[in-house]
Amino acid sequence: MPGWATGERQATEDDDLSYAARLLAWFDAGHRDLPWRRTRDPYRIWVSEIMLQQTRAAAAIPYYEEFLRRFPTVEALAGAPEAEVLAAWSGLGYYSRARNLRAGAALVVERGGFPSDLEAIRALPGIGPYTAAAVASIAFGLPHAVLDGNVIRVISRVSNDPGDIRAPATRKRFQAAADEWLHRVRPGAFNQAMMELGATVCLPRAPLCLVCPVNSTCEARMAGTQNQLPVKLGKVKPEAVESRVVIVRRGQWIFLRQRDADARRMAGFWELPGLEDIPALIDTSVVGNFQHTIVNQCYSVTVYRGAMPRGSAPAGGKWMKPELFTDVPITTVTRKALELLRKR
Ligand code: SF4
């Protein structure tokens, strides 16, 4: 087994073959049937990889299918208005990903096709080392290893490496191990098999070592340390933030305001106003409360309902019908707040 970071066992060529062969045989025998695994179209793989950066596979499937129904080709995405792309992304969060996808699609169209080498793929907006390696290996069969959370967990355990996975030196060592272990003939399948192993067998809390296809070469299992790995030190606790939003209705219409075009997050999105944004507010009452985490901030959102006299609506707002919400970008907090009201 190549890439052992610790342990006394010497690597042999047989280990190379057996690890890759067993992993791929296991993957070929029955992996999850995910829609992006039925294609080698770089555009579709790119969309899926960007969605999967912050979203679990099962949750991403309906968004992926709807996104490709709306924008079936890179040309369709490049030519779509930004508001329509953001609306299709609503619910997935981290909207800069959608903006980057659209900007990247415009570049691909302008240059006459999808780039087919790692550096050129990496140069597209919003594409980091992981996504570039995934697209390069899966769509183009290029020998680049991916390193995502699942792969990191597998490598830390198979090599019984107690390094802090937040430390750059550990990441570098794990990337070197992944590059070395990579199957040269089927790099895309090998990368997907590593990720699949982490997602379905080498689970964070209770790894299924008994049914694991690589258990005979797993150093952590032999040492009994699999539940202590990977090591992640200094996790940042999310900052608690209080927020109050208000739902003002007039018949079927709901009053929303648009976020500034240069807002740091969700620029141009429509959202419920804050309680303090409507000075003329009357008849307020509490609907409920929910938690919403964005990056390192945990919002405790209290939802109010209220009314405002005619002619007192603040500037920058608009009355909208909920049917319109599939065509304009709406913040997730607003969707959650309206859902809370609907359940009451
Ligand atoms: S044997 Fe256990 S710890 Fe090792 S890779 Fe397999 S599931 Fe993970």
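Relevant structure appears above.
Residues numbered from 1 in each chain as written. Predicted model: local features only at pLDDT ≥ 70, side-chain atom pairs only at ≥ 80, totals over all residues. Heavy atoms only, no water.

Let us look at the site of the ligand. Close to the ligand lie Arg157, Val158, Val201, Cys202, Pro207, Cys209, Cys212, Asn215, Cys218, Arg221 and Gln226. Tallied by class, the residues present in the shell around the ligand amount to 7 nonpolar, 2 polar and 2 charged. (Near = heavy atom within 4 Å. Nonpolar A, V, L, I, M, F, W, Y, C, P; charged D, E, K, R; others polar.)

Put simply, helix α9 (residues 149-158) and helix α11 (residues 187-200) touch, their axes get as near as 8 Å, and they point 85 degrees apart. If you check the angle between α9 and α11, you find them roughly perpendicular. Together, Asn150, Val151, Arg153, Val154 and Ile155 of α9 and Met194, Met195, Leu197, Gly198 and Ala199 of α11 make up the contact between the two elements. Broken down by class, the residue content of the contact of α9 with α11 amounts to 7 nonpolar, 2 polar and 1 charged. (Axes fitted to C-alpha atoms, helices over the stretch in contact; angles between N-to-C directions. Helix = DSSP H or I, 4+ residues; strand = E, 2+ residues; numbered from the N terminus. Parallel < 35°, antiparallel > 145°, perpendicular 65-115°, else oblique. Contact = heavy atoms within 4.5 Å.)

Attention now goes to a nonpolar patch on the surface. There is a patch of nonpolar side chains on the surface, built from Leu208, Leu210 and Val211 and spanning about 330 Å² of accessible area. By the secondary structure assignment, Leu210 is in the loop between α11 and α12 (219-223). (Patch = residues over 30% accessible without salt bridge, like charges linked within 9 Å, V, L, I, M, F, W, Y side chains within 5 Å. Areas by Shrake-Rupley, 256 points an atom, 1.4 Å probe, with all protein chains shown as cover. Salt bridge = Lys/Arg side-chain N within 4 Å of Asp/Glu carboxyl O.)

As defined by bridge partners, strand β1 (residues 239-250) adjoins strand β5 (residues 297-307) across 10 bridges and the pair is classed as parallel. Opposite Arg244, over in β5, you have Thr302 as the bridge partner. Relative to strand β2 (residues 253-258), β1 runs antiparallel, the two being bridged by 2 bridges. Pairing of Arg250 across the sheet is with Trp253, part of β2. Where β1 hands over to β2, the hairpin turn is made up of 2 residues, of which Gly251 adopts a positive phi near 65 degrees. (Pairing = 2+ DSSP bridges.)

Enumeration over the complete set of coordinates arrives at 14 salt bridges. In this structure, Glu196 engages Arg32 in a salt bridge whose closest nitrogen and oxygen atoms are separated by 3.0 Å. Residue Glu196 is found in helix α11, and its partner Arg32 is found in the loop between α1 (13-30) and α2 (42-52); the two are separated by 164 residues along the sequence. Among the salt bridges present, the one from Glu271 reaches Arg257, with a minimum N-O distance of 2.8 Å. Here the residue Glu271 occupies a position in strand β3 (residues 270-271), and Arg257 occupies one in strand β2, the gap between them amounting to 14 residues. By relative accessible area, Glu271 is classed as buried at 9%. (Buried < 20%, exposed > 50% of the residue type's maximum accessible area, 1.4 Å probe, protein only.)

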